[in-house]
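Structural overview
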Amino acid sequence: MTMSISITLDDDLGEELGAAVAGGNRSALVAQAIREYLDRRAVDAAAAWHASLTGEDAAAFAEFNATW
């Protein structure tokens, strides 16, 4: 699935984006930044979930992680 979004950049961010792509594909750079952000959010959410485990769940998770 392809999605189209519209983003309005302030002058400073627009200049930074222009410099980062150096004449390349701005859309590809923004798409990569979004992917990295979503990946970080997924990792953060998993870490928070793991930290919330208690009792037997926490013990099972600790035992699982001990093998790594």
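So, here's what we can say about the structure. The written sequence of each chain sets the order in which its residues are numbered from 1. Side-chain atom pairs in this predicted model are given and counted only at pLDDT of 80 or more, local residue features only at pLDDT of at least 70, and totals for whole chains, interfaces and linings cover all residues. The basis for the side-chain values is all heavy atoms of the structure; hydrogens and waters are excluded.

Across its 27 residues, helix α2 (residues 26-52) extends 39 Å between first and last C-alpha, which sits within 8% of the 39 Å expected from 1.5 Å per residue. Pairing of N or O atoms within 3.5 Å defines a polar contact, subject to two protein rules: one partner must be a possible hydrogen donor and the other a possible acceptor, and residues neighboring in sequence count only if both atoms are side-chain atoms. For the purposes of this entry, the term helix denotes a DSSP run of H or I that reaches at least four residues, the term strand denotes a run of E that reaches at least two, and both are numbered from the N terminus. Measuring from the backbone nitrogen of serine 27 back to the side-chain oxygen at the start of α2 gives 2.9 Å, which picks out asparagine 25 as the cap. To estimate the expected span of a helix, count its residues, drop one, and scale the result by 1.5 Å.

Bringing the packing of helix α1 (residues 11-21) against α2 into the picture now. Across the interface, α1 lies against α2 with an axial gap of 9 Å and an inter-helix angle of 105°. For the element pair α1 / α2, the angle class is roughly perpendicular. Here Leu17, Ala20 and Val21 of α1 come into contact with α2, specifically with Arg26, Leu29 and Val30. Here the nonpolar group is Ala, Val, Leu, Ile, Met, Phe, Trp, Tyr, Cys and Pro; Asp, Glu, Lys and Arg are the charged ones; every other residue, Gly included, is treated as polar. Considering only residue class, the contact of α1 with α2 consists of 5 nonpolar, no polar and 1 charged. Angles shown run from 0 to 180 degrees and are taken between the N-to-C directions of axes, each axis being a line fitted to C-alpha atoms and, for helices, limited to the stretch in contact. Here the word oblique covers every angle except those under 35 degrees (roughly parallel), over 145 (roughly antiparallel) and from 65 to 115 (roughly perpendicular). Between two residues, a contact is recorded if the distance between any of their heavy atoms is within 4.5 Å.

One way to see where empty space is left: roll a probe the size of a water molecule over the atoms. Both site types are read off a 1 Å grid over the protein atoms alone. A 1.4 Å probe that fits but cannot get out defines a cavity, while an open set with protein on both sides within 12 Å along at least five of seven lines defines a pocket; lining residues have an atom within 4 Å of a point. Grid points are joined across faces, edges and corners, and a volume is the space filled by probe spheres set on the points. Estimated volume of the largest pocket: approximately 300 Å³. Surrounding the largest pocket, Ile5, Ile7, Leu9, Leu17, Arg26, Ser27, Val30, Ala31, Ile34, Arg35 and Leu38 form its lining. Looking at the lining of the largest pocket, the element that brings in the most residues is α2, giving 7 residues. Within the lining of the largest pocket, the residues separate by chemical class into 8 nonpolar, 1 polar and 2 charged.

Nonpolar side chains (Val, Leu, Ile, Met, Phe, Trp, Tyr) within 5 Å and like charges within 9 Å form the patches, drawn only from residues with over 30% relative accessible area and no salt bridge. We get accessible surface area from the Shrake-Rupley algorithm with a probe of 1.4 Å; when it comes to residues, only the shown protein chains can shield them. Here a salt bridge means any side-chain nitrogen of Lys or Arg lying within 4 Å of a carboxyl oxygen belonging to Asp or Glu. Judged by side-chain polarity, Met1, Met3, Ile5, Ile7, Leu9, Leu13, Ile34, Tyr37 and Leu38 come together as a nonpolar surface patch covering roughly 990 Å² of accessible area. Here the nonpolar patch takes 3 residues from α2, the largest share from any one element. Summarising the element assignment, leucine 9 is placed in the segment before α1. Each residue gets one of three labels from its accessible area relative to the maximum for its type: buried under 20%, exposed over 50%, partly exposed in between, using a 1.4 Å probe on protein chains only. The class of leucine 9 is partly exposed, set by a relative accessible area of 35%.

A contiguous patch of negative charge, built from Asp10, Asp11, Asp12, Glu15 and Glu16, is present on the exposed surface. Among the structural elements, glutamate 16 can be located in helix α1. When charges are counted, neither His nor the chain ends are considered; positive counts come from Lys and Arg and negative counts from Asp and Glu. Taken as the charge location is NZ of Lys, CZ of Arg, CG of Asp or CD of Glu.

Everything listed is a geometric property; what it means functionally is a separate question.
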